[in-house]
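# Topology and contacts: notes
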Amino acid sequence: LCKIESAGETKLLYCPSGTLKLERLAPQASRDLPDQTHQFRLCLPTPECLPARKSYSGALYARLGKVQREQFDQLVDEYVAAGWWQRVEESDPRAKHPTDVFLHKPGTPKGRLVCDFRPFNAIFTDVSSSVPLIEHVLTLVRTESFKYVFAGGCSKAFYRVALSPPLALRAGDRVFLCNR
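## Considerations on the overall build of the protein chain
Each helix and strand in the protein chain was counted, giving five helices and nine strands. A buried classification covers 27% of the 180 residues belonging to the protein chain. Across the protein chain, contacts joining residues at least 24 apart in sequence account for 61% of those joining residues at least 6 apart. Accessible area of the protein chain: about 12700 Å², with a carbon and sulfur share of 59%.

## Some details on the side chain of glutamate 23
Mapping glutamate 23 onto the fold places it in strand β2 (residues 15-24). Side chain to side chain, glutamate 23 and arginine 41 meet in a polar contact 3.0 Å long. If we skip the residues at most four places from it in the chain, glutamate 23 touches Thr37, His38, Gln39 and Arg41.

## Comments concerning a nonpolar patch on the surface
Judged by side-chain polarity, Ile134, Val137 and Leu138 come together as a nonpolar surface patch covering roughly 250 Å² of accessible area. With respect to the element layout, leucine 138 can be found in helix α5 (residues 134-144). Leucine 138 gets classed as partly exposed once you look at its relative accessible area, which sits at 42%.

## As for the sheet that holds strand β5 (residues 99-104)
In a beta sheet, neighbouring strands are held together by backbone hydrogen bonds and run either parallel or antiparallel to one another. With mixed pairing, five strands are arranged side by side in an open sheet as β4-β9-β8-β5-β6. Each edge of the open sheet is held by one strand with a lone partner, namely β4 (85-88) and β6 (112-115). Going from strand to strand, the sheet's axes swing by 40° on average, the running direction of each strand aside.

## Observations regarding the packing of aromatic side chains
Evaluated as defined, the whole model comprises five aromatic pairs. A centroid spacing of 4.7 Å and a plane angle of 10° characterise the contact between tyrosine 79 and tryptophan 85, whose relative ring orientation is stacked. This pair shows no difference in class: tyrosine 79 is buried, exactly as tryptophan 85 is. Through a chain of ring-to-ring contacts, three or more aromatic side chains come together here, namely Tyr79, Trp84, Trp85 and Phe176.

## A word on the confidence of the model for the protein chain
Mean pLDDT over the protein chain works out to 80, with 81% of the residues at or above the 70 mark. When pLDDT is averaged over each helix and strand of the protein chain, the minimum, 72, is found for helix α4 (residues 118-121) and the maximum, 94, for β4.

## As for helix α3 (residues 66-81)
Taking 1.5 Å of rise per residue, the 16 residues of α3 would be expected to cover 22 Å, and the 22 Å separating its terminal C-alpha atoms lies within 8% of that figure. Residues of α3 that are buried: Gln71, Phe72, Leu75, Val76 and Tyr79. Buried residues along α3 cover an arc of 130° about the axis, so they all sit on one side. When the buried face of α3 is taken as reference, the exposed residues oriented beyond 90 degrees from it are Lys66, Val67 and Ala81.

## Section: the nonpolar core
Core analysis: the largest hydrophobic core is formed by 15 residues, its most contacted members being Phe72, Val76, Trp85, Val101, Leu103, Leu113 and Ala171. With four residues, the single largest contributor to this core is α3. Those residues in contact with leucine 103 that sit more than four places away from it in its chain are Leu64, Gln68, Gln71, Phe72, Leu75, Gly111, Arg112 and Leu113.

Reading the values: rules and limits
- Residues numbered from 1 in each chain as written.
- Predicted model: local features only at pLDDT ≥ 70, side-chain atom pairs only at ≥ 80, totals over all residues.
- Heavy atoms only, no water.
- Helix = DSSP H or I, 4+ residues; strand = E, 2+ residues; numbered from the N terminus.
- Buried < 20%, exposed > 50% of the residue type's maximum accessible area, 1.4 Å probe, protein only.
- Contact = heavy atoms within 4.5 Å.
- Areas by Shrake-Rupley, 256 points an atom, 1.4 Å probe, with all protein chains shown as cover.
- Polar contact = N/O pair within 3.5 Å; in protein donor to acceptor, adjacent residues only side chain to side chain.
- Patch = residues over 30% accessible without salt bridge, like charges linked within 9 Å, V, L, I, M, F, W, Y side chains within 5 Å.
- Salt bridge = Lys/Arg side-chain N within 4 Å of Asp/Glu carboxyl O.
- Pairing = 2+ DSSP bridges.
- Axes fitted to C-alpha atoms, helices over the stretch in contact; angles between N-to-C directions.
- Phe/Tyr/Trp six-rings, centres within 6.5 Å; stacked < 30°, edge-to-face > 60°.
- pLDDT = per-residue confidence, 0-100.
- Expected span 1.5 Å × (residues − 1).
- Arc of directions from axis to C-beta.
- Core = buried A, V, L, I, M, F, W, Y, C linked by side-chain atoms within 4.5 Å.

So, in structure tokens, the structure goes:
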């Protein structure tokens, strides 16, 4: 980790104005895990002009039943309590272009909050053509006859990345800044 940390910022291949950096957490910094010592900081340019669109998070929230609203509010409160979201006024200059947040599978145990990042995704280069096909990876593994093959899952890695500057989110009628 120290070697990666000392390397400093790395430019992102498909977003040259963005950088990624491994940094040691300060003693008082919030942690995702008790033993966490480092975090990656992803610095992306703030898009100046996103496609104009009408926010729909408030309308979807208004259509939720009482139980679903409680579920939505509880999930939002969990992000706030974890320190990942900070409520701000809509007039806050950092809250420009808030991303809509809605409840996926409302009223079920698998209900979760989802952010609609389509407007942000539209400003980045499409990189899907650069990803190797699984057939190529498996062929390489078989032809090289490696003694050991390791695989890792990163299903929660997204949440372990700090964002700079924070993203603005609209959850129902409230606006938040998200640093994760």
